Amino acid sequence: MADCLFCRIVAGEIPATLIHEDDGVVAFADIRPQAPLHVLIVPRRHVATLNDLTEADDALVGRMLRTAAAIAQAHGYADRGYRTVFNCNGDAGQTVFHLHLHLLAGRGLGWPPG
Ligand code: AMP
Ligand code: ZN
């Protein structure tokens, strides 16, 4: 999608600090980090929200989550702990409508979230 911010990052048209990329997903640093480590893991293919996933995407979502776990591990947070979040639509505060998994680590994270 030409007008999608994260599609443009995936295509290399907008710069980002890349953390990981493979044939299915791209991970890059959040531009407004909410924790010492704040990474977004996105599918290469445009998917707007969690509501738009189908059974055919089950492996893709697994890849996103395992990529988050691998990045957390690589940065030394596997044992200490970290959080993964998908925001979906307005009440959850989704602002970019290209599916993304937040990985947050490096500080104590409150619960329940705001
Ligand atoms: P959400 O509110 O769940 O839709 O999250 C969108 C995230 O994208 C926010 O945490 C933003 O800080 C982040 N973001 C917006 N623009 C960029 C960008 N150009 N590069 C990296 N992260 C971005
Ligand atoms: Zn997109």
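Here the structure is shown first, and the text comes after it.
Residues numbered from 1 in each chain as written. Chains lettered and ligands numbered in written order. Predicted model: local features only at pLDDT ≥ 70, side-chain atom pairs only at ≥ 80, totals over all residues. Heavy atoms only, no water.

Chemist: How would you explain the pairing of strand β3 (residues 37–43) if you had to name every residue and give the values?
Modeler: Within β3, seven of the seven residues are buried, which leaves it mostly tucked inside the rest of the structure. Here β3 shows two buried faces, one formed by L37, V39, I41 and P43 and the other by H38, L40 and V42. Pairing geometry for strand β2 (residues 25–29) and β3, over five bridges, is antiparallel. For F28, the partnering residue across the bridge sits in β3 and is L40. Bridge count between β3 and strand β5 (residues 101–105): five bridges; the pairing is antiparallel. Looking at the pairing, V39 lines up with L103 of β5. (Buried < 20%, exposed > 50% of the residue type's maximum accessible area, 1.4 Å probe, protein only. Helix = DSSP H or I, 4+ residues; strand = E, 2+ residues; numbered from the N terminus. Pairing = 2+ DSSP bridges.)

Chemist: Could you give me a rundown of the nonpolar core, with the residues and numbers involved?
Modeler: Core analysis: the biggest nonpolar cluster contains 16 residues, and L37, V39, I41, M64, I71 and L103 have the highest contact counts within it. Contributing elements (two or more residues each) for this core: β2, β3, α2 (58–74) and β5. Considering each element in turn, this core owes the most residues, five residues, to α2. The contacts of I71, once residues within four sequence positions are left out, are I19, H20, A27, V39, I41 and L103. Core analysis: the next-biggest nonpolar cluster, separate from the first, contains ten residues, C4, C7, I9 and F28 among them. (Core = buried A, V, L, I, M, F, W, Y, C linked by side-chain atoms within 4.5 Å. Contact = heavy atoms within 4.5 Å.)

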